[in-house]
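Here is what each chain is made of, one letter per residue.
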Amino acid sequence: MVLLGRPLLLIPKGLRYVSPLPCRLHLYAPCASPTGVKTKTTSPKAIVTPIFRNAPLFGDRTALRDRHGYYTYMGLFLSSRQLAHQITEVLKGKEQQRVAFLCPNDASYVITQWACWMSGQIVVPLSPLHPESSLKYFITDSDASLLLTTNELAPQLAGIAQSSGRQLVVLDDALRTLAMKPEIKVDPSQVDLVQPAEPSSDVNAGLVDEFYADSNAMIIYTSGTTSNPKGVVLSYRNLDAQIQSLIEAWNITSKDNILHTLPLHHIHGIVNGMMCPLTVGGRCTMLPNFSSSQVWSQLLAIRMKAADRVNVFMGVPTSYVKLLEEYELIFSKNEKMREYIKKILSEKIRLMTSGSAPLPTTVFEGWEKISGHRLLERFGMSEVGMALSNPLNPPSERRPGFVGTPLPGNKVRIVRTEKSEQNLNEVKEEVLCEGDMNGTKVLVNDGEPTIGHLHVKGPNVFEGYWRKPETTTKEFAADRWFKTGDTAQYVDGSYKILGRTSIDILKTGGYKVSAVEVETALLSHPDIIDCSVVGLPDATWGQKVAAVVVTRPGAEILLSQVREWSRDKLPPYAIPTVLRVLDKIPRNALGKVNKANMVKEVFPISDSKSAQ
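Predicted, not measured: the structure shown is a model, and the values here were computed from it. (Residues numbered from 1 in each chain as written. Predicted model: local features only at pLDDT ≥ 70, side-chain atom pairs only at ≥ 80, totals over all residues. Heavy atoms only, no water.)

So, on to the confidence of the model for the chain. For the chain, the mean per-residue pLDDT works out to 88, and 86% of the residues sit at or above 70. Below a pLDDT of 50 lies the segment residues 184–199, which in the model reaches 21 contacts outside its immediate sequence neighbourhood of four places, other chains included. Confidence drops under pLDDT 50 across residues 608–612; counting only partners more than four residues distant or on other chains, this segment forms eleven contacts. (pLDDT = per-residue confidence, 0-100. Contact = heavy atoms within 4.5 Å.)

Dropping the structure here:
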């Protein structure tokens, strides 16, 4: 390991663990929360077990497979502990410092995350996909005390470190290599549920229990699709609640091997795809990034040992679109191959989920046709983790466009807000329905659809926005109900997300239009393969419904054709009155569209005013 700008204890290449360096134990003194939100006090019995503490129980069992090889739980633990000692030395024993780290999707990420937590720091995960300006914003806004990265990604942080005067630690491959499994002596396919081993006295790491019961663990930055990215502060208790909720709801066990292709700077990739399996002794097969050909190879176990077969895949809608395109291109013309793929996926893959963005009905139905899987959709966000999910069983209850019911530990409600006729500055709130994992009760039966703002409450809900106490206060209703900013509908026993209230709920001619529902309808058009619907300002109607679409190769489409085709699929006021055709709709790594930016780029002010 090398600290740029000054010498630091080096980890020699080829070093083997003989007597791992112990981390110091530090007593934790409660202090004022830097978020502006009062930190909750906990009783001595309210213990939270950080993820790395479970690792010694699973010993030499394989925890992770990446592009380099296999890693055991104990190997990851010992490498993390050695790095934790280095971090503690660099930060002079301070705790709850922000450590911004940039690692590829491989074992170095896990080692760095665990090491920071063993040292008592707050991690700020960064993404190689971010431009320098974004990286600089996250590092500066979080006031990171230390930057940490690998050799291959060091150039992306070197300039920022130099210009900001921050310390930059660059890891060579030694720590990751030392965590690798030298050989596979036991066929994991012959092992049932893990029997936890008795940890030896030499596997202690981290700080005292009280620290993890009442401290912050991570800052994740929001996607910034509706405003500047905000730092979401998550405590160890928040993360533990999110993990335990999914383990229970999706029955994640040590038998699971989750195929991981997600970015590791958002909840979906960090908690759902990585931390859940590593908490229970399962396995994570991590690809450097999403590649439809590589994912197909993993799902079908092509040229792969039976022990390495994956049985869970978590993706975003774009993942399934790309997989369907590859299927159509390579497999669809061969009847035997189609039958083989459906048999393998339906029998060998236990669970396939989709999230982070709305899943088009055409993709839901297309994937079920080729795989036999009705994709499990769920709803989550940086601030709450996962809050709603379709059922694990029976899959037949999963319906396209719906995100199910509250997950264990979550409470949700739908609230209707109206401005007072007497005082326009006063907002009246009416709770339409409220529920948890045991069911939802409709509280208002006035003949109107149960549509309103979605609120979430539970131990999974974040502590607050980093150093934004006023924003934090604004986003919470009374009694710690978090206002998600999404408009939802409760119908037929399930919740449906209609979109972000600020950008996806359009107001035209006195009607409210869900951009998500218009997008769903347009995606069923035979010549439209991608689309995004936005509202454009209009003096007469308030907003015009504008559709930005991508067509199939060789296809041409006109606004008049789209309007005629939509007449029996959408109400008249929801049919687009503006159409733009692009070669590609800009989306981030999670498939989300920054609609505010797209409106500026696709519809200049003069254009949006005159568009008909």
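Sheet strands pair via backbone hydrogen bonds, and the direction of the pair is either parallel or antiparallel. The nine strands are arranged S3-S2-S11-S10-S12-S13-S14-S15-S16 in an open sheet whose pairing can be described as mixed. In this open sheet, the two strands that pair with only one neighbour each are strand S3 (70–72) and strand S16 (405–406). (Pairing = 2+ DSSP bridges. Helix = DSSP H or I, 4+ residues; strand = E, 2+ residues; numbered from the N terminus.)

It is worth spelling out the packing of aromatic side chains at this point. Taken as a whole, this structure holds 22 aromatic pairs when the rule is applied. Here the aromatic cluster, defined as three or more aromatic residues joined through ring pairs, consists of Trp 296, Phe 313, Tyr 320, Tyr 327, Phe 331 and Trp 367. Between the NZ or CZ atom of Arg 399 and the centre of the ring of Phe 402, over which it lies, the distance is 4.1 Å. Across from the ring centre of Trp 565, 4.2 Å away, lies the NZ or CZ of Lys 569, which sits over that ring. (Phe/Tyr/Trp six-rings, centres within 6.5 Å; stacked < 30°, edge-to-face > 60°. Lys NZ or Arg CZ within 6 Å of the ring centre and 35° of its normal.)

Before going further, it helps to spend a moment on the side chain of Ser 119. If you trace the backbone, Ser 119 turns up in the loop between helix H3 (107–118) and strand S5 (122–125). Setting aside its immediate chain neighbours within four residues, Ser 119 contacts Ala 84, Ile 87, Thr 88, Lys 94, Glu 95 and Leu 207.

Moving on, we get to the pattern of salt bridges. One pass over the structure, following the stated rule, counts 26 salt bridges. Its salt-bridge partner being Glu 328, residue Lys 333 comes within 3.9 Å of it at the nearest N-O pair. On the basis of relative accessible area, Lys 333 is assigned to the exposed category, the value being 70%. Arg 500 is the salt-bridge partner of Asp 486, the closest N and O atoms lying 2.8 Å from each other. (Salt bridge = Lys/Arg side-chain N within 4 Å of Asp/Glu carboxyl O. Buried < 20%, exposed > 50% of the residue type's maximum accessible area, 1.4 Å probe, protein only.)

By the element assignment, Leu 375 lies in the loop between helix H13 (361–371) and strand S14 (376–381). The class of Leu 375 is buried, set by a relative accessible area of 0%. The residues contacting Leu 375, other than those within four sequence positions of it, are Tyr 320, Met 352, Leu 359, Phe 364, Trp 367 and Arg 398.

If you look at the biggest cluster of nonpolar residues, it comprises 99 residues, and the most contacted ones within it are Leu 76, Phe 77, Trp 117, Ile 270 and Met 274. Aside from chain neighbours lying at most four places away, what touches Phe 77 is Phe 52, Ala 55, Pro 56, Trp 114, Met 118, Val 203, Asn 204 and Ala 205. Leu 300, Tyr 327, Phe 331 and Ile 349 belong to the second largest nonpolar core, which has 24 residues in total. (Core = buried A, V, L, I, M, F, W, Y, C linked by side-chain atoms within 4.5 Å.)

This brings us to the pairing of strand S12 (residues 312–315). Every second residue of S12 is oriented toward a common face, with Val 312 and Met 314 on one face and Phe 313 and Gly 315 on the other, all of them buried. Pairing of strand S10 (residues 257–260) with S12, which is carried by two bridges, proceeds in the parallel orientation. In the sheet register, Ile 258 faces S12, and the bridge partner there is Val 312. Relative to strand S13 (residues 351–354), S12 runs parallel, the two being bridged by four bridges. Counterpart to Gly 315 in the pairing with S13 is Ser 354.

Moving on: the packing of H3 against helix H9 (residues 267–279). The interhelical angle for the contact between H3 and H9, taken along N-to-C directions, is 75°, at an axis separation of 13 Å. Comparing the axis directions of H3 and H9 gives the class roughly perpendicular. Contacts between H3 and H9 pair Tyr 109, Val 110, Gln 113, Trp 114 and Trp 117 from the former with Ile 270, Met 274, Met 275 and Leu 278 from the latter. Considered class by class, the residues forming the contact of H3 with H9 number eight nonpolar, one polar and no charged. (Axes fitted to C-alpha atoms, helices over the stretch in contact; angles between N-to-C directions. Parallel < 35°, antiparallel > 145°, perpendicular 65-115°, else oblique. Nonpolar A, V, L, I, M, F, W, Y, C, P; charged D, E, K, R; others polar.)

To continue, consider the sheet that holds strand S27 (residues 528–538). Read from one edge of the open sheet, three strands run S27-S28-S29, paired in mixed fashion. Each edge of the sheet is formed by a strand with only one pairing partner; in this case those strands are S27 and strand S29 (578–581). Each adjacent strand pair in this sheet contributes to an overall mean axis angle of 25°, direction not counted. Bridge analysis of strand S28 (residues 542–551) against S29 gives four bridges, and the strand direction is parallel. Counted as the bridge partner of Val 548 is Arg 580 from S29. Set on the sheet, helix H17 (residues 595–602) makes contact with S27, S28 and S29; between it and S27 the angle comes to about 80°.

Buried within helix H5 (residues 154–164) are the following residues: Ala 154, Leu 157, Ile 160 and Ala 161. End-on view of H5: buried residues confined to an arc of 135°, all on one side of the axis. Of the exposed residues in H5, the ones pointing more than 90 degrees away from its buried face are Pro 155, Gln 162 and Ser 163. One or two positions beyond H5, positive phi appears at Gly 165, with a value near 75°. (Arc of directions from axis to C-beta.)

Looking now at the environment of Glu 248. Along the chain, the position of Glu 248 falls in helix H8 (residues 236–249). Residues in contact with Glu 248, not counting those within four places in the same chain, are Pro 408 and Met 437.

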